[in-house]
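# Examination of the molecular architecture
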Amino acid sequence: EVQLVESGGGLVQPGGSLRLSCAASGFTFSSYAMSWVRQAPGKGLEWVSGINSGDGSTRYADSVKGRFTISRDNAKNTLYLQMNSLKPEDTAVYFCAKSPGWWIVTTTTEYDYWGQGTQVTVSS
């Protein structure tokens, strides 16, 4: 059974940092691209960042480029999202999502598995 379990969310002041983790199990983690997707209150899903399998190439949404860093540890079957210089508009539930293959997927309807999400709140 595929499981994706996010952790690391919380309340942080503007300008602060958080690191999210996503522990994966039930599939060969190293063979699949992974992404982070968020949903702000009252809004739709927004793709944030993705990392492919193989060479670990990464992509970012313009809204987080230069502030967020996605990474993966295949030995630990874990996906990470380092979030720096956080802004109130980054407040959202953050989900990790599994791609159906090695390539990065940015369309949220194409993921085949999702985690339960972790809340990030940026507020003073």
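Located above this text is the structure these notes cover.
As the structure is a prediction and not an experimental result, all values here were calculated from the model.

### Points about the pattern of salt bridges
Going through the model one piece at a time under the given rule, you end up with 5 salt bridges. A salt bridge links Asp90 to Arg38, with the shortest nitrogen-to-oxygen separation between them at 2.9 Å. Note that Asp90 is positioned in the loop between strand S8 (78-83) and strand S9 (92-98) and Arg38 in strand S4 (residues 34-39), a separation of 52 residues in sequence. In this pair, the class of Asp90 matches that of Arg38, namely buried.

### Here we look at the nonpolar core
Counting residues in hydrophobic clusters, the biggest one holds 33 residues, and the most contacted among them are Trp36, Phe68, Leu79, Leu81, Met83 and Tyr94. Here Leu81 is in contact with Leu18, Arg19, Leu20, Trp36, Val48, Ser49, Phe68, Thr69, Ile70 and Tyr94, once residues within four sequence places are set aside.

### Some thoughts on the packing of aromatic side chains
According to the stated counting rule, one finds 5 aromatic pairs in the structure shown. Each ring, one from Phe27 and one from Tyr32, has its centre 5.8 Å from the other, and the planes form 75 degrees; the classification is edge-to-face. A residue is classified by how much of its surface remains accessible, and Phe27, at 16% relative accessible area, is buried. One aromatic cluster in this structure is built from Phe27, Phe29 and Tyr32.

### Concerning the sheet that holds strand S7 (residues 68-73)
On the basis of which strands lie adjacent, the open sheet formed by 4 strands has the order S1-S3-S8-S7 and antiparallel pairing. The sheet is open, and its two borders are formed by strand S1 (3-7) and S7, each paired with just one other strand. Recorded for the sheet is a direction-independent mean angle of 15 degrees between the axes of neighbouring strands. Strand direction decides the pairing type here: strand S3 (residues 18-25) and S8, joined by 6 bridges, are antiparallel. Bridged to Cys22 within S8 is Leu79.

### A closer look at the environment of Phe68
Along the chain, the position of Phe68 falls in strand S7. The contacts of Phe68, once residues within four sequence positions are left out, are Arg38, Val48, Tyr60, Leu81, Gln82, Met83, Asn84, Leu86, Asp90 and Tyr94.

### Overview of the environment of Gln13
Mapping Gln13 onto the fold places it in the loop between strand S2 (10-12) and S3. Along the sequence, Gln13 and Leu86 sit 73 residues apart, while their C-alpha atoms lie 7.6 Å from each other. Excluding its chain neighbours within four sequence positions, the residues that come into contact with Gln13 are Val122 and Ser123.

About the thresholds
- Residues numbered from 1 in each chain as written.
- Predicted model: local features only at pLDDT ≥ 70, side-chain atom pairs only at ≥ 80, totals over all residues.
- Heavy atoms only, no water.
- Salt bridge = Lys/Arg side-chain N within 4 Å of Asp/Glu carboxyl O.
- Helix = DSSP H or I, 4+ residues; strand = E, 2+ residues; numbered from the N terminus.
- Buried < 20%, exposed > 50% of the residue type's maximum accessible area, 1.4 Å probe, protein only.
- Core = buried A, V, L, I, M, F, W, Y, C linked by side-chain atoms within 4.5 Å.
- Contact = heavy atoms within 4.5 Å.
- Phe/Tyr/Trp six-rings, centres within 6.5 Å; stacked < 30°, edge-to-face > 60°.
- Pairing = 2+ DSSP bridges.
- Axes fitted to C-alpha atoms, helices over the stretch in contact; angles between N-to-C directions.

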